[in-house]
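Examination of the molecular architecture
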Amino acid sequence: MKHELITDAVLVSNYIKGDESALSELITKHKQKIYSFIYSKVYDRDITEDIFQDTFIKVIRTLRLGKYNEEGKFLPWVMRIAHNLVIDHFRKNNRMPKFSNTGEFSIFSVLSDSSLDAEKGMIKEQIESDLRRLIEELPEEQKAVLVMRMYNDMSFKEISEKTGVSINTALGRMRYALINLRKVIEEKNIILTN
């Protein structure tokens, strides 16, 4: 249990002092969130892997040069690096993602991607439709927290304030929402990738 309580600041400090395993632990700790963020923008696994790796190359360089200013905000800093690299990717390929501003949440924030052929477009629509249907089946409290966290990018503190429940309750609802989604996906043998 003590191992899980090591903060990002301590891990960063340990890495700077030469403990390579501290960086490995930081990557493992935050991989899912960073990877998911990048994938939600580029919608391509290979490009996501490249940008993810480039993100941590920049992290390593910055840490080794002693240019990182620890303010207890390691993850937001890494997410900014990933965000900037996503923008660089689109600039390099002369296309910027177009974002829908309809107020309705969508797991796919990149629209009108002309590089998608008809089949990929149909698969993308089917996955989005399946996922929306699954989310709609969740209990209302779990669905609300999941939508606020994943689609509105709200922190658990913001969710707590908006819903009037404790942060731990919001965390619990998110956890159960994900558990319930996984269970239904496995039971119905639904495939959410192409």
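Predicted, not measured: the structure shown is a model, and the values here were computed from it.

**Quick look at the environment of Val10**
Examined against the element boundaries, Val10 turns out to sit in helix H1 (residues 8–16). Residues Val10 and Ala22, 12 residues apart in the sequence, show an inter-C-alpha distance of 8.6 Å.

**Some points on the nonpolar core**
Counting 27 residues, the largest nonpolar core has Ile34, Ile38, Val59, Leu63, Phe74, Trp77 and Val78 as the members making the most contacts within it. Every element with two or more residues in this core is listed here: H1, helix H2 (20–42), helix H3 (45–64) and helix H4 (74–92). The element best represented in this core is H4, accounting for 10 residues. When sequence neighbours within four positions are dropped, the list of residues in contact with Leu63 reads Val12, Tyr15, Ile16, Tyr68 and Trp77. Leu138, Leu146, Ile159 and Leu181 belong to the second largest nonpolar core, which has 16 residues in total.

**Describing the confidence of the model for the protein chain**
Summarising the model, the protein chain shows a mean pLDDT of 80, and 78% of its residues fall at 70 or more. Note on residues 109–114: pLDDT under 50 across the span, and 14 contacts to partners over four residues away in sequence or across chains.

**Thoughts on helix H8 (residues 167–187)**
With 21 residues, H8 should cover 30 Å at 1.5 Å per step; its first-to-last C-alpha distance of 30 Å lies within 8% of that length. Along H8, the residues classified as buried are Ala170, Arg173, Met174, Ala177 and Leu181. Within H8, the buried residues cover an arc of 100° as seen down the axis, which keeps them to one side. The exposed residues of H8 that point more than 90 degrees off its buried face are Asn168, Arg182, Glu186 and Glu187. Count one or two residues on from H8 and you reach Asn189, which has phi positive near 55°.

**Details of the UniProt feature "domain: RNA polymerase sigma factor 70 region 4 type" (unreviewed entry) in the protein chain**
The UniProt entry lists residues 130–169 under the feature "domain: RNA polymerase sigma factor 70 region 4 type" (unreviewed entry), expressed in the numbering used here. Summarising residues 130–169: 75% helix, 0% strand, and an end-to-end C-alpha distance of 27 Å.

**What to know about the packing of H3 against H4**
Between H3 and H4, the least distance of the axes is 9 Å, while the angle of their chain directions is 125°. As far as their axial angle goes, H4 and H3 are oblique. The hand of the H3/H4 crossing is right-handed. Facing Ile47, Ile51, Asp54, Thr55, Phe56, Lys58, Val59, Thr62 and Leu63 of H3, the residues of H4 in contact are Phe74, Trp77, Val78, Ile81, Ala82, Leu85, Val86 and His89. Here the contact of H3 with H4 is composed, by residue class, of 12 nonpolar, 3 polar and 2 charged.

**Some points on unusual backbone geometry**
Glycine aside, the phi torsion of most residues is negative, and most peptide linkages are trans. One non-glycine residue, Tyr43, lies in the positive phi region at around 50°. Considering the arrangement of structural elements, one finds Tyr43 in the loop between H2 and H3. Residue class for Tyr43 comes out buried when judged on its relative accessible area of 15%. Positioned with a positive phi, Asp153 is a non-glycine residue whose angle comes to about 55°. Take Asp153: it is sitting in the loop between helix H6 (140–151) and helix H7 (156–163). Accessibility expressed as a relative area gives 62% for Asp153, which makes it exposed.

Reading the values: rules and limits
Residues numbered from 1 in each chain as written. Predicted model: local features only at pLDDT ≥ 70, side-chain atom pairs only at ≥ 80, totals over all residues. Heavy atoms only, no water. Helix = DSSP H or I, 4+ residues; strand = E, 2+ residues; numbered from the N terminus. Core = buried A, V, L, I, M, F, W, Y, C linked by side-chain atoms within 4.5 Å. Buried < 20%, exposed > 50% of the residue type's maximum accessible area, 1.4 Å probe, protein only. Contact = heavy atoms within 4.5 Å. pLDDT = per-residue confidence, 0-100. Expected span 1.5 Å × (residues − 1). Arc of directions from axis to C-beta. UniProt positions renumbered as here; feature names shortened; annotations may be inferred. Axes fitted to C-alpha atoms, helices over the stretch in contact; angles between N-to-C directions. Parallel < 35°, antiparallel > 145°, perpendicular 65-115°, else oblique. Left-handed = near helix turned anticlockwise from the far one by under 90°. Nonpolar A, V, L, I, M, F, W, Y, C, P; charged D, E, K, R; others polar.

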